[in-house]
Amino acid sequence: QVQLVESGGGLVQAGGSLRLSCAASGRTFSSYAMGWFRQAPGKEREFVAAISWSGGSTYYADSVKGRFTISRDNAKNTVYLQMNSLKPGDTAVYYCNADVARPTETTGWGPGPHWGQGTQVTVSS
């Protein structure tokens, strides 16, 4: 079992930056692929980014590619999401997720069973 706690959300102007952190408890953190998902008002939760257990591979949704960077520090049991060039369309609650499922021929990145409580990101125009 792993517990996740996000932090770092807030209000920022368009073009600005934020860095989200997700602190994990439990000894199995380093064995999990980790991911970030987000949910905007009235929309379904969507995949944002994922990182392999070692940190050697990263994956992004097309909508954030080139602007967001996911990273992890297994010694600190923490995964990060650096968000640059933020747009109003990035406004959402951002959720950390553990043990993300890789895409298949018919599905995209899917969430694992472990979620954080979410952190609000609001980008003003």
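All of the points below concern the structure found in this document. Just so you know, these numbers come straight off a predicted model, no measurement behind them.

Cut-off values and rules
- Residues numbered from 1 in each chain as written.
- Predicted model: local features only at pLDDT ≥ 70, side-chain atom pairs only at ≥ 80, totals over all residues.
- Heavy atoms only, no water.
- Phe/Tyr/Trp six-rings, centres within 6.5 Å; stacked < 30°, edge-to-face > 60°.
- Helix = DSSP H or I, 4+ residues; strand = E, 2+ residues; numbered from the N terminus.
- Buried < 20%, exposed > 50% of the residue type's maximum accessible area, 1.4 Å probe, protein only.
- Lys NZ or Arg CZ within 6 Å of the ring centre and 35° of its normal.
- Core = buried A, V, L, I, M, F, W, Y, C linked by side-chain atoms within 4.5 Å.
- Contact = heavy atoms within 4.5 Å.

### What about the packing of aromatic side chains?
How two aromatic rings sit relative to each other is set out by the distance from centre to centre and by the angle between their planes.
For step 1, the next point in the chain: Applying the stated rule across the entire model yields five aromatic pairs.
For step 2, the next point in the chain: Ring centres 5.7 Å apart and planes at 75° place the aromatic pair phenylalanine 37 and phenylalanine 47 in the edge-to-face group. With phenylalanine 37 in strand 4 (residues 34-39) and phenylalanine 47 in strand 5 (residues 46-51), this pair connects stretches of sequence that are ten residues apart.
For step 3, the next point in the chain: With a relative accessible area of 15%, phenylalanine 47 lands in the buried category.
For step 4, the next point in the chain: Between tyrosine 59 and tryptophan 109 the ring centres are 4.8 Å apart and the planes differ by 45°, which places this aromatic pair in the tilted class. Placement of the pair is tyrosine 59 in strand 6 (residues 58-60) and tryptophan 109 in the loop between strand 9 (92-98) and strand 10 (114-115), with a sequence separation of 50 residues.
For step 5, the next point in the chain: Look at tyrosine 59 and you get partly exposed, because its relative accessible area is 24%.
For step 6, the next point in the chain: Judged by relative accessible area, tryptophan 109 falls into the buried class, the value being 17%.
For step 7, the next point in the chain: Geometry around tryptophan 115 places arginine 45 over its ring, the cationic atom sitting 4.4 Å from the centre.
For step 8, the next point in the chain: We note arginine 72 situated over the ring of phenylalanine 29; from NZ or CZ to the ring centre the distance is 4.6 Å.

### Notes on the nonpolar core
For step 1, the next point in the chain: Core analysis: the biggest nonpolar cluster contains 35 residues, and Met34, Trp36, Val79, Leu81, Met83 and Tyr94 have the highest contact counts within it.
For step 2, the next point in the chain: Within the residue set of this core, elements represented by two or more residues are strand 3 (18-25), strand 4, strand 5, strand 7 (68-73), strand 8 (78-83), strand 9 and strand 11 (119-124).
For step 3, the next point in the chain: No other element matches strand 5, which puts five residues into this core.
For step 4, the next point in the chain: Excluding anything up to four places from it in sequence, leucine 81 contacts Leu18, Arg19, Leu20, Trp36, Val48, Ala49, Phe68, Thr69, Ile70 and Tyr94.

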